[in-house]
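# Topology and contacts: notes
Below, each chain spelled out in residue letters.
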Amino acid sequence: MTQYQHVTEDMSVYRDGTIKLHGPEGFEGMRKAGRLAAEVLDELTARVEPGVTTDELDRVAREMMLDAGAVPATLGYRGYTHSCCISINHVVCHGIPSDKRLKDGDIVNIDVTPLLDGWHGDTSRMFFVGEPALKAKKLVDVTYECLMEGIAQVRPGARLGDIGAAIQKMAERHRYGVVRDFCGHGLGRLFHDAPEVVHAARAGTGPELKAGMFMTIEPMINLGRPHVKLLNDGWTAVTRDKSLSAQFEHSIGITEDGAEIFTTSPKGLHKPPY
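Now for a description of the structure that goes with this document. Everything numeric in this text was worked out from a predicted model, so none of it was measured.

### Overview of the pattern of salt bridges
A full pass over the atoms with the stated rule returns 14 salt bridges. Across the salt bridge formed by Glu25 and Arg189, the nearest N and O atoms sit 3.6 Å from each other. Note that Glu25 is positioned in helix H1 (residues 24–45) and Arg189 in the loop between strand E10 (182–186) and strand E11 (193–197), a separation of 164 residues in sequence. A relative accessible area of 60% means that Glu25 is categorised as exposed. Between Glu172 and Arg180 there is a salt bridge whose closest N-O contact spans 3.9 Å. A single salt-bridge network, built from bridges that share partners, covers Glu28, Arg31 and Glu260.

### Here we look at the sheet that holds strand E15 (residues 237–239)
The sheet built from three strands is open, its strands ordered E4-E15-E14 with antiparallel pairing. In this open sheet, the two edge strands, each paired with only one partner strand, are strand E4 (91–93) and strand E14 (228–230). With strand direction ignored, the average angle separating the axes of adjacent strands in the sheet is 40°. Taken together, the three bridges between E14 and E15 define a ladder with antiparallel strand orientation. Bridge assignment links Lys229 to a residue of E15, and that residue is Val238.

### Structural notes on unusual backbone geometry
Here Ala194 and Pro195 are connected by a cis peptide whose omega angle stands at 5°. Topologically, Pro195 is positioned in strand E11. Here the amide bond leading from Pro272 into Pro273 is cis, since omega sits at 5°, within 30 degrees of zero. Note that Pro273 resides in the segment after strand E18 (259–261). With a phi angle near 65°, Lys242 is a residue other than glycine that sits in the positive phi range.

### What to know about the environment of Ile261
By the element assignment, Ile261 lies in strand E18. With a relative accessible area of 23%, Ile261 lands in the partly exposed category. Between the C-alpha atom of Ile261 and that of Lys32, which follows or precedes it by 229 residues, the distance is 12 Å. Excluding its chain neighbours within four sequence positions, the residues that come into contact with Ile261 are Met148, Ile151, His250, Ser251 and Ile252.

### Quick look at the packing of aromatic side chains
One pass over the full model with this rule turns up eight aromatic pairs. A centroid spacing of 5.8 Å and a plane angle of 65° characterise the contact between Phe27 and Phe262, whose relative ring orientation is edge-to-face. Of the two residues, Phe27 is situated in helix H1 and Phe262 in the segment after E18; the sequence distance between them amounts to 235 residues. Residue Phe262 is classed as buried on the basis of its relative accessible area of 4%. When the ring of Tyr80 is compared with that of Trp235, the centres are 4.9 Å apart and the planes differ by 70°; the resulting orientation is edge-to-face. Of this pair, Tyr80 sits in the loop between strand E2 (71–72) and strand E3 (84–88) while Trp235 sits in the loop between E14 and E15, and the two are 155 residues apart along the sequence. Judged by relative accessible area, which is 14%, Trp235 ranks as buried. Connected via pairs of aromatic rings, a cluster forms that spans Phe27, Trp119, Phe214 and Phe262.

### Brief notes about the side chain of Asp162
On the secondary structure map, Asp162 appears in helix H4 (residues 160–173). The side chain of Asp162 is buried and forms no salt bridge, while Arg155, the nearest opposite charge, is found at 5.9 Å. Once residues within four sequence positions are removed from consideration, Asp162 is found in contact with Gln153, Ala203 and Gly204.

### Side note on the layout of surface pockets
One way to see where empty space is left: roll a probe the size of a water molecule over the atoms. The volume enclosed by the largest pocket comes to roughly 200 Å³. If you trace the largest pocket, you find 14 residues lining it, with Ile86, Ile88, Val91, Lys100 and Thr236 closest to the centre. For the lining of the largest pocket, the per-class residue count stands at six nonpolar, six polar and two charged.

### Details of the sheet that holds strand E6 (residues 114–116)
What holds strands together in a sheet is hydrogen bonding between their backbones, with the strands either parallel or antiparallel. Read from one edge of the open sheet, three strands run E2-E6-E7, paired in antiparallel fashion. Where the open sheet ends on each side, the last strands, each with one partner, are E2 and strand E7 (119–120).

What counts as what
- Residues numbered from 1 in each chain as written.
- Predicted model: local features only at pLDDT ≥ 70, side-chain atom pairs only at ≥ 80, totals over all residues.
- Heavy atoms only, no water.
- Salt bridge = Lys/Arg side-chain N within 4 Å of Asp/Glu carboxyl O.
- Helix = DSSP H or I, 4+ residues; strand = E, 2+ residues; numbered from the N terminus.
- Buried < 20%, exposed > 50% of the residue type's maximum accessible area, 1.4 Å probe, protein only.
- Pairing = 2+ DSSP bridges.
- Axes fitted to C-alpha atoms, helices over the stretch in contact; angles between N-to-C directions.
- Contact = heavy atoms within 4.5 Å.
- Phe/Tyr/Trp six-rings, centres within 6.5 Å; stacked < 30°, edge-to-face > 60°.
- Lys, Arg positive; Asp, Glu negative; His and termini not counted.
- 1 Å grid on protein atoms, 1.4 Å probe; cavity = no way out; pocket = protein on both sides within 12 Å on 5 of 7 lines; lining within 4 Å.
- Points joined across faces, edges and corners; volume = space filled by probe spheres on them.
- Nonpolar A, V, L, I, M, F, W, Y, C, P; charged D, E, K, R; others polar.

So yeah, pure geometry; function would need other evidence.
This is the structure we're talking about:
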């Protein structure tokens with residue numbers, strides 16, 4: 001799940017503004033939580049098809065997390081009543097599961113965050129429903145490449161802005177819009193922690209990256225302009241110009257020589273077509 005930039009919550013349950021560094025215990029906890037998150041999306045892959053409701057996908061995700069001894073971190077978070085976010089077509093993020101049925105040609109993002117043994121594994125992937133248009137497929141492909149370009153910048157001594165600069169360069173090369181209203185975030189024992197990981201930035205700016213930092217990188221890329229609006233439900237963000245939007249997300253830890261991706265698909269289902 002993304003966070004709004006600069007949103008302030010109850011600091012006793014949110015964060016103290018410092019960027020935390022984690023040791024071997026943290027890495028092991030995040031590996032387990034991240035693997036479960038990826039396994040949930042792997043399980044949903046075959047279930048994303050025309051006619052299925054997003055409520056049904058949410059139920060499967062919830063039951064799988066509970067069966068594994070985890071709880072969905074989104075359930076009850078700031079009043080949210082579902083176990084994942086499911087965003088269809090022009091929904092940028094935080095789409096609410098419902099009795100809405102998926103249709104042939106839809107593109108869908110599913111975002112899950114199991115809380116396992118005190119650690120948060122946060123990840124999202126795009127899914128094709130039937131056969132989307134070529135422009136939708138290209139958007140999804142480029143969005144995945146944006147994610148991986150961002151992760152490729154992660155190493156001790158780099159700057160946080162290097163991540164956003166790489167993502168922005170890749171997206172704008174294809175004349176796509178990079179959403180600024182939402183960002184990645186630190187995580188670990190807290191769902192949303194420092195730092196804010198923006199997806200459009202200037203290289204060489206921002207805090208220095210250090211081994212032991214945990215964060216999500218989760219670019220939201222629009223086929224049209226980058227602007228979004230929030231619907232009256234207080235959660236669902238959509239593109240203002242009604243263009244398609246895509247997103248991928250990984251949780252990562254910074255190691256001595258790069259990045260460890262905690263949410264890699266065990267089945268190799270990293271991006272569609274699956």
